[in-house]
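# Fold and geometry: a report
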Amino acid sequence: MPGYERWSDLERKELMDVIDSGILMRYGFDVARKGHWKSKELEAAVCETFGCAHAQLTSSGTAALTTALSALGVGYGDEVIMPSFTFVASFEAILSVGAVPVLADIDDTLTLDPASVRRKITPRTKAVMPVHMCGSMADMDALQAICREHHLWLLEDACQSIGGTYKGKKLGTIGDAGTFSFDFVKTMTCGEGGVVMTNHRDVYVKCDGYTDHGHDHLGVDRGADLHPFVGYNFRISELHSAVGLAQIRRLPEFLETQQKHHTALKAYLAEIPGISFRRVPDPAGDSHSFISWFLPTAEQTQRAVEALREAGLLAGSFYWYNNNWHYIRKWDHLKRALTLNSLSPEVKSRLEAETNQDFSASDAIMSRCVSTSISLLWTEEQLREKGMRMSEVIRGSL
Ligand SMILES: *Cc1c(COP(=O)(O)O)cnc(C)c1O
């Protein structure tokens, strides 16, 4: 999914505008910045490209999730339902606002299983946070229906699915708020950065203030701004926004290449007897950043992964079941609530209870799943070689 693979003069040019003016901060210094407002421009480009009313840039995707949760009023006493398969940022953000992450099972979409979400709802549930993992989407109709019925916020983590859609709408713009990460390995990058997208003006105004120490940005200068609430510093810099501005213009080109490479590689993998692929609720909306595939049993999958490793073909393919970053099974620090500062006793006991549940339904899926990331750099020759060798090695291992 990596925009960094296509570093170019376009990124250099946007950066040079900022370097020449010397104004690296996104607010103020109106004269010295010589008309360059990269962060504002990138926010406008996000609204235009993804079709949302408001966008607030942040210093990271994790900061975007934390900001969105704060703007939705999620905090002490609240529970947020999130999937067992995601990046660690999901629970980091929930814990950082003082709420309890409640983990639900995933299904063969590799995202939240709506039936499991229903079972996890309590009187304290405030939000549902689907994560559109590995380029494709959650069943948004089902999740929206649950949220409407129970009066819950729907916060989409679309960090890994930039450019994907669901029934014609861009992922990240369907719920009450949605986030992207622009970290170094995402579909488009700022180096580090993220964004909250929303169609609720009040949520946006809160995000705007929260990411900049609570400033209301209504004063004649920063010193004259009022502070309607306590904020934090999750600002992005002009240097990072400059990179993002070049990348967002190139996003159609990145997505087109991803789709082409995804289609070609999948055709080779589809020849393997017994292989199947993740269910995509709206196949037209896949962003194609990964191909996620299943073998019939966990043993066969583990043998295939070992065979790929021995053949030197495992780079870029991820067996999440054994991965320290993305799946509940290896999140010992979370399950043991190993935080540097004290959690409230209530949060701690709920956290330990919720993370030490039976996730066998998720295990049954994740133990058979491998995701192969799509590179923008592959030549046709490399793609053919990779496809043929992967297919041959996996077949040989079965
Ligand atoms: C990358 C990622 C994030 C966090 O983004 P950072 O910018 O690295 O903080 C959050 N959620 C998911 C699913 C991600 O892949």
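Only a predicted model underlies this, so the values are computations on that prediction, with no experimental measurement involved. All residue numbers refer to position in the chain's written sequence, counted from 1. For this predicted model, a pLDDT threshold of at least 70 governs which residues receive local features, and a threshold of 80 or more governs which side-chain atom pairs are given and counted, while totals over whole chains, interfaces and linings are taken from all residues. Hydrogens are left out, water is left out, and the side-chain values use all remaining heavy atoms of the structure.

## What about the domain arrangement of the protein?
Quite often, the size of an interface is put as the accessible area lost when its parts meet. Per the domain assignment, the segments of the protein are domain 1 (3–250) and domain 2 (251–325 + 362–397). The gap between the C-alpha centroids of domain 1 and domain 2 is 28 Å. Counting residues at the interface gives 39 residues for domain 1, matched by 31 residues for domain 2. For any pair of parts, buried area is found by adding up, for both, the accessible area (1.4 Å probe) each one loses once the two are put together. Summing both sides of the interface, domain 1 and domain 2 together bury roughly 2,800 Å²; the carbon and sulfur share of this comes to 57%. For the domain 1 face of the interface with domain 2, the top three residues by lost area are Glu 5, Arg 6 and Arg 250, together amounting to 23%. When a carboxyl oxygen of Asp or Glu lies within 4 Å of a side-chain nitrogen of Lys or Arg, that pair is called a salt bridge. At the junction of domain 1 and domain 2, the tally comes to four salt bridges. Between Arg 279 and Asp 108 there is a salt bridge; the shortest N-O distance is 2.9 Å. The start and end points of each domain follow an automatic or database-based domain assignment. The contact criterion used is simple: two residues touch if any of their non-hydrogen atoms lie within 4.5 Å.

## Re the site of the ligand
Summary of the distance rule: residues count as near a molecule or strand when at least one heavy atom falls within 4 Å of that molecule or strand. Near the ligand, the surroundings consist of 13 residues, among which Gly 61, Thr 62, Ser 181, Asp 183 and Lys 186 are the closest. The separation between an oxygen atom of the ligand and a polar main-chain atom of Gly 61 is 2.7 Å. Here a polar contact is taken to be a pair of N or O atoms separated by no more than 3.5 Å, where protein atoms must pair a possible hydrogen donor with a possible acceptor and residues adjacent in sequence count only if both atoms sit in side chains. Between the ligand and Lys 186, the relevant distance is 3.1 Å, taken from an oxygen atom to a side-chain nitrogen or oxygen of the residue. Method for areas: the Shrake-Rupley scheme with a 1.4 Å probe, in which residue coverage is limited to the protein chains shown. Look at the ligand: alone it shows 380 Å² of surface, and the protein chains cover 93% of it.

## Quick look at the packing of aromatic side chains
Ring pairs (aromatic) are described by centroid distance and by the angle formed between their planes. Stacked, tilted and edge-to-face are the three classes assigned to paired rings of Phe, Tyr and Trp, where Trp is represented by its six-membered ring and a pair needs centres within 6.5 Å; plane angles under 30 degrees give stacked, over 60 edge-to-face, the rest tilted. Scanning all chains against the criterion turns up 13 aromatic pairs. When the ring of Phe 50 is compared with that of Phe 180, the centres are 4.7 Å apart and the planes differ by 65 degrees; the resulting orientation is edge-to-face. In this pair, Phe 50 is assigned in helix 2 (residues 38–50) and Phe 180 in strand 8 (residues 177–181), connecting sequence segments 130 residues apart. Considered together, Phe 50 and Phe 180 belong to a single accessibility category, that of buried residues. Measuring from centroid to centroid gives 6.2 Å for Phe 180 and Phe 182, while their planes differ by 55 degrees, and the two rings are tilted. Overall, the relative accessible area of 0% leaves Phe 180 in the buried class. Strands are runs of DSSP state E lasting at least two residues, helices are runs of H or I lasting at least four, and both sets are numbered from the N terminus onward. For the exposure calls, accessible area comes from a 1.4 Å probe over protein chains only, and a residue counts as buried if that area is under 20% of its type's maximum, exposed if over 50%, partly exposed in between.

## Quick look at the side chain of Ser 116
Inspection of the secondary structure assignment puts Ser 116 in helix 5 (residues 114–120). Side-chain polar atoms of Ser 116 contact the backbone nitrogen of Asp 105, separated by 2.9 Å. Residues contacting Ser 116, with those up to four places away along its chain left out, are Ala 104 and Asp 105.

## What to know about the packing of helix 2 against helix 8 (residues 238–269)
As a rule, the C-alpha atoms of each element are fitted with a line to give its axis, helices using only the stretch in contact, and angles between N-to-C directions run from 0 to 180 degrees. Where helix 2 meets helix 8, the closest approach of the two axes is 8 Å, and the angle between their N-to-C directions is 30 degrees. Considering the angle they form, helix 2 stands roughly parallel to helix 8. Where helix 2 crosses over helix 8, the two elements pack in a sense that is left-handed. Listed contacts from helix 8 to Lys 38, Ser 39, Glu 41, Leu 42, Ala 45, Val 46, Thr 49 and Phe 50 of helix 2 are Glu 238, Ser 241, Ala 242, Gly 244, Leu 245, Ile 248, Arg 249 and Leu 251. Basically, the charged four are Asp, Glu, Lys and Arg, the nonpolar ten are Ala, Val, Leu, Ile, Met, Phe, Trp, Tyr, Cys and Pro, and anything else, Gly included, counts as polar. Of the residues belonging to the contact of helix 2 with helix 8, the class tally is eight nonpolar, four polar and four charged. Angular relationships are summarised with four words: roughly parallel below 35 degrees, roughly antiparallel beyond 145, roughly perpendicular across 65 to 115, and oblique for the angles in between. Handedness of each helix crossing follows the sense of rotation of the near helix against the far helix: counterclockwise by less than a right angle gives left-handed, clockwise gives right-handed.

## Here we look at the nonpolar core
Residues belong to one nonpolar core when they are buried, are Ala, Val, Leu, Ile, Met, Phe, Trp, Tyr or Cys, and are joined through side-chain atoms within 4.5 Å. With 109 residues, the main nonpolar core has Leu 69, Phe 85, Trp 293, Met 366 and Ile 394 as its most contacted residues. By residue number, the principal contributor to this core is helix 8, which donates seven residues. Composition of this core by domain shows at least three residues from each of domain 1 (3–250) and domain 2 (251–325 + 362–397).

## Considerations on helix 1 (residues 9–21)
The end-to-end C-alpha distance of helix 1, which contains 13 residues, comes to 18 Å, matching closely the 18 Å that a straight helix rising 1.5 Å per residue would cover. Taken together, the buried positions of helix 1 are Glu 11, Glu 14, Leu 15, Asp 17, Val 18 and Ser 21. For helix 1, the elements touching its buried residues are helix 2 and helix 8. Capping the start of helix 1 is the job of one residue whose side-chain oxygen sits 3.1 Å from the backbone nitrogen of Leu 10: Ser 8. Just past helix 1, the residue Gly 22 takes up positive phi, approximately 80 degrees. Given the number of residues in a helix, its expected span is that number minus one, multiplied by 1.5 Å.

## What to know about the pattern of salt bridges
Enumeration according to the criterion identifies 25 salt bridges in this entry. For Lys 186, the salt bridge is made with Asp 183, and the minimal N-O distance between the two is 3.2 Å. Asp 183 shares its class with Lys 186; the two are buried. Arg 384 is paired through a salt bridge with Glu 381; the nearest N and O atoms lie 2.5 Å apart. Of this pair, Arg 384 and Glu 381 are both found in helix 13 (residues 380–397), three residues apart, which corresponds to roughly one turn of the helix. The class for Arg 384 is partly exposed, based on a relative accessible area of 39%. In the salt-bridge network here, residues are joined through shared partners; they are Lys 13, Glu 14, Asp 17, Lys 38, Glu 41 and Arg 249.

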